[in-house]
Amino acid sequence: MIAHCMFEQSGTFKNEFKKFGIEAYDYDIQDEFGETDYKVDLFEEIRKAYEGWDSIFDRVGGGGHYHGIFPLHEI
C-alpha cells in the first residue's frame with residue numbers, strides 16, 4: 001500500500017502512515033518545513049484532471065494506493 005496525502009496537514013499524515021510502516025508521500029503548494037515530497041499546485045492539478053489533461057492524479061492512481069486525509073488513530 002502507498003498513501004498519497006494532499007492538502008492541509010499532508011506532512012503530518014504522511015509521517016503517521018510511515019510510523020505504521022506504510023510508504024507515504026505528501027503533495028502541497030508550499031514546503032514550509034523542507035519536508036514536502038512533491039511541491040505542486042493541487043487546485044491546478046484538479047482543474048487539469050477535470051478538463052481531461054494529464055495531471056498528478058494520473059501518476060498516483062492504481063491498485064494498492066490510498067488517497068486522502070483522515071484522522072489516523074489505528075490501522
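Our structure is the block above this text.
Structure report, in brief. (Residues numbered from 1 in each chain as written. Predicted model: local features only at pLDDT ≥ 70, side-chain atom pairs only at ≥ 80, totals over all residues. Heavy atoms only, no water.)

## A word on helix H1 (residues 10–19)
Reasoning step 1: Taken together, the buried positions of H1 are occupied by Ser-10, Phe-13, Lys-14 and Phe-17. Viewed along the axis of H1, the buried residues span an arc of 105 degrees, placing them on a single side of the element.
Reasoning step 2: Once H1 ends, the next one or two residues include Gly-21, with phi positive near 80 degrees. (Buried < 20%, exposed > 50% of the residue type's maximum accessible area, 1.4 Å probe, protein only. Helix = DSSP H or I, 4+ residues; strand = E, 2+ residues; numbered from the N terminus. Arc of directions from axis to C-beta.)

## What about the packing of aromatic side chains?
Reasoning step 1: Under the counting rule described, the total for this entry stands at 3 aromatic pairs.
Reasoning step 2: With 5.4 Å between their ring centres and 55 degrees between their planes, Phe-7 and Phe-43 make a pair best called tilted. Taken together, the residues span a long stretch of sequence, with Phe-7 in the loop between strand S1 (2–6) and H1 and Phe-43 in helix H2 (residues 42–50) at a distance of 36 residues.
Reasoning step 3: Grouping aromatic residues by their ring pairs yields a cluster made of Tyr-25, Tyr-27 and Tyr-38. (Phe/Tyr/Trp six-rings, centres within 6.5 Å; stacked < 30°, edge-to-face > 60°.)

## Considerations on the environment of Gln-9
Reasoning step 1: Tracing the sequence through the fold places Gln-9 in the loop between S1 and H1.
Reasoning step 2: For Gln-9, a relative accessible area of 46% corresponds to the partly exposed category.
Reasoning step 3: Separated by 17 residues in sequence, Gln-9 and Asp-26 place their C-alpha atoms 9.1 Å apart.

Functional significance is not addressed by these values, which are geometric in nature.
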